[in-house]
Amino acid sequence: MARRQARAAGGGRWLPWLGLALLPLAVPPAAAPGGCPSACYCVATPELVTCRYERLEEPPRELPAAVHNLSIAGSNLSILPRAAFAARPLRDLRLLRLRHDNIHTIEDMALQGLPALRTLDLSHNPLLSVAAGAFAGVPLLRTLQLNQALLAAPLEEQLALAMQNLTLRRLELAGNALQALPASLLPPGLEELDLRNNSLQRLAAAELRSLEAPELRGLRLNLGSNPLSCDCALRPFLAWLRSAGSRVLDARSLRCAGPPALRGAVLLRLRPEGLVCAGSEGGEPGQLETASYVFFGIVLALIGIVFLMVLYLNRRGIKRWLHNLREACRDQMEGYHYRYEQDADPRCASAVGTPGL
């Protein structure tokens with residue numbers, strides 16, 4: 001019992017010191033030159049700064065000069081103007097996350113003053129306008145994340161101009177309802193492209209040929225959670241997927257979204273001859289259905305021609321038959337008419353009524 005009390009007393013001596021050691025991690029430091037902004041948190045070190053749901057309308061100006069990772073989420077930045085982060089030189093900033101910040105416009109030279117930036121995350125922003133020089137001044141940028149950022153407006157042409165001087169290695173375009181491979185957004189040397197959760201039904205033959213270009217042969221893709229239509233138009237993509245399966249990182253998990261008979265089927269387990277040409281979503285009949293309609297029409301036309309030929313070759317017999325039929329009908333009508341006159345004659349009626357006369 002005495003030993004337990006002694007241990008408890010010894011452990012209690014360290015509690016005040018432990019609390020003092022953890023205090024800087026629990027309480028955000030006040031704004032100070034070279035310290036954390038008042039609306040943000042420095043996690044263990046000023047090199048990692050997080051500003052979450054503070055409704056900022058512009059990037060904080062009192063950022064630590066040694067910051068490496070900066071994350072601003074849930075604010076209302078709206079517009080990234082020229083030199084938006086240049087109020088204080090951030091020469092060591094390597095990762096910039098601007099998620100859910102309601103950014104709709106990125107002006108020229110918006111990232112000026114961030115020479116070491118390697119990763120830029122603009123996901124979950126309703127982008128409407130991206131200037132041609134929006135990404136100028138960041139020569140080391142290698143990763144650009146635009147997940148669910150291209151839903152508000154078609155920005156493929158604007159982004160192509162803004163990205164033409166970048167040397168990207170990874171591009172994320174997940175959740176943007178893309179219906180085709182954005183070929184204009186694939187810079188030479190791109191190594192990884194994330195197209196998950198879009199509206200891709202297949203990769204067409206022309207798109208597959210663009211992926212075989214020398215400058216994109218090292219490109220790997222993520223295509224999961226797309227509504228793949230497993231009909232005959234998917235055969236080129238299925239053949240490419242089997243021959244270059246290592247280029248699609250999630251190839252084994254790709255599944256069919258239609259037609260109903262193949263919904264949920266694993267794509268790599270299908271055979272090309274099992275992919276039939278069904279009706280497309282636009283309502284046009286498939287090739288097999290069109291061929292059956294054409295064949296049925298030809299058969300009906302042949303039957304009609306044969307019937308007309310039979311009528312023509314037997315026109316005299318048909319005419320004689322019709323004449324005989326008319327004469328027979330006339331004789332029958334005359335017989336009915338004679339009987340009617342006999343029944344209507346009053347003399348015949350009175351003779352029938354008085355049999356004794």
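Residues numbered from 1 in each chain as written. Predicted model: local features only at pLDDT ≥ 70, side-chain atom pairs only at ≥ 80, totals over all residues. Heavy atoms only, no water.

**Quick word on the side chain of Asp 250**
Structurally, Asp 250 can be placed in the loop between helix H4 (235–243) and strand S14 (256–258). Buried charged residue Asp 250 carries no salt bridge. Nearest counter-charge: Arg 196, at 5.5 Å. Discounting residues that sit within four places of it in the chain, Asp 250 has contacts with Arg 196, Leu 221, Asn 222, Leu 223 and Gly 224. (Helix = DSSP H or I, 4+ residues; strand = E, 2+ residues; numbered from the N terminus. Buried < 20%, exposed > 50% of the residue type's maximum accessible area, 1.4 Å probe, protein only. Lys, Arg positive; Asp, Glu negative; His and termini not counted. Salt bridge = Lys/Arg side-chain N within 4 Å of Asp/Glu carboxyl O. Contact = heavy atoms within 4.5 Å.)

**Examining unusual backbone geometry**
Note the cis peptide between Gly 258 and Pro 259, where omega equals 0°. Relative to the helices and strands, Pro 259 resides in the loop between S14 and helix H5 (287–313). Positive phi, close to 60°, is recorded for Met 109, a residue that is not glycine. Within the fold, Met 109 resides in the loop between strand S6 (105–106) and strand S7 (119–121).

**Topic: the state of the cysteines**
All told, the structure shown has three disulfides when counted by the stated rule. One disulfide in the model links Cys 40 with Cys 51; its S-S distance is 1.8 Å. Between Cys 40 and Cys 51, the S-S dihedral sits near 100°, and the bridge is therefore right-handed. Linking Cys 40 in the loop between helix H1 (2–26) and strand S1 (41–42) with Cys 51 in strand S2 (residues 48–52), this pair joins segments that are eleven residues apart in sequence. For the pair Cys 40 and Cys 51, one class covers both residues: buried. Across a sulfur-sulfur distance of 1.9 Å, Cys 230 and Cys 256 are joined as a disulfide pair. In this structure the cystine formed by Cys 230 and Cys 256 twists about its S-S bond by roughly -95°; its chirality is therefore left-handed. One end of the pair, Cys 230, is in the loop between strand S13 (228–229) and H4; the other, Cys 256, is in strand S14, and 26 residues separate them in sequence. You can call Cys 230 buried: its relative accessible area is 1%. (Disulfide = S-S within 2.5 Å.)

**A short note on the packing of aromatic side chains**
Under the definition given, this model contains one aromatic pair. Just above the ring of Tyr 312 sits the side chain of Arg 315; from NZ or CZ to the centre is 4.5 Å. (Phe/Tyr/Trp six-rings, centres within 6.5 Å; stacked < 30°, edge-to-face > 60°. Lys NZ or Arg CZ within 6 Å of the ring centre and 35° of its normal.)

**Description of the environment of Gln 148**
Within the secondary structure, Gln 148 sits in the loop between strand S9 (143–145) and helix H2 (156–162). Taking the relative accessible area as the measure of exposure, Gln 148 reaches 35% and is therefore partly exposed. For the pair formed by Gln 148 and Glu 172, sequence separation is 24 residues and the distance between their alpha carbons is 9.5 Å. Discounting residues that sit within four places of it in the chain, Gln 148 has contacts with His 124, Asn 125, Ala 174, Gly 175 and Asn 176.

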